[in-house]
Amino acid sequence: MKTRRKNRSRRNKTRKLRGGGNKSKKVKEIVKIFQQYPDIFPRGYFRFLTGTLDKHEKNGTLIYRNGVVLTYTKYKVSVNKYKFKIKPGDIKINQLVNKNQGNGKAKKLFMSFMKKHKKTNLILDVRSNNKKAIRFYRKNGFKKVDETSFGKSMKGIIMVR
């Protein structure tokens, strides 16, 4: 009997470490926003999404206001990930998603974020077929600097401001 309890306890700890278990209400709400856009975020995208969002929430790199989600990573060391060098202090925007596209709230949040980090290099990658997002980023001062891929078959571009 004691062995079963011990094993169960160990399994629960492992689940929590792997990102399983209870997620905050906020993270669950955010995942539903991503699920609204299956053409942009394929099924495989959700495999690690809740764990990733949970990590961003704990690190303070998740902004969620008025149905808009923005997650980012601030680099602490130099990285040669692309054709250019990412320097300490540079910020990579990981996700920008609006619950209700076209209402202007994503732009408002994004502009506020860019203003706050106006002296910082901002980097992002976006799928090549996501023309609406590419047009949005270009309008806001981003330029294509490289190409990338997501998985084996999805092509993307790297943009910097």
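Scope of this entry: the structure provided in the associated data block. (Residues numbered from 1 in each chain as written. Predicted model: local features only at pLDDT ≥ 70, side-chain atom pairs only at ≥ 80, totals over all residues. Heavy atoms only, no water.)

1. A few points about the nonpolar core
Counting residues in hydrophobic clusters, the biggest one holds 21 residues, and the most contacted among them are L70, F110, F113, V126, Y137, F142 and M159. Secondary structure elements with two or more residues in this core: β2 (68–74), β3 (91–98), α4 (105–116), β4 (122–127), α5 (131–139) and β6 (154–160). It is α4 that contributes the most residues to this core, five residues altogether. Look past the residues within four positions of F110 in its chain and what remains in contact with it is L70, I93, L96, F136, Y137, N140 and F142. Core analysis: the next-biggest nonpolar cluster, separate from the first, contains 13 residues, I30, L49, L53 and V97 among them. (Core = buried A, V, L, I, M, F, W, Y, C linked by side-chain atoms within 4.5 Å. Buried < 20%, exposed > 50% of the residue type's maximum accessible area, 1.4 Å probe, protein only. Helix = DSSP H or I, 4+ residues; strand = E, 2+ residues; numbered from the N terminus. Contact = heavy atoms within 4.5 Å.)

2. Comments concerning a positive patch on the surface
Where like charges cluster on the molecular surface, the positive patch consists of K107, K132, R135 and K139. When residues of the positive patch are assigned to their parent elements, the largest contribution, three residues, is made by α5. Inspection of the secondary structure assignment puts K132 in helix α5. Relative accessible area serves as the criterion here: at 48%, K132 is assigned to the partly exposed category. (Patch = residues over 30% accessible without salt bridge, like charges linked within 9 Å, V, L, I, M, F, W, Y side chains within 5 Å. Areas by Shrake-Rupley, 256 points an atom, 1.4 Å probe, with all protein chains shown as cover. Salt bridge = Lys/Arg side-chain N within 4 Å of Asp/Glu carboxyl O. Lys, Arg positive; Asp, Glu negative; His and termini not counted. Charge placed at Lys NZ, Arg CZ, Asp CG, Glu CD.)

Everything listed is a geometric property; what it means functionally is a separate question.
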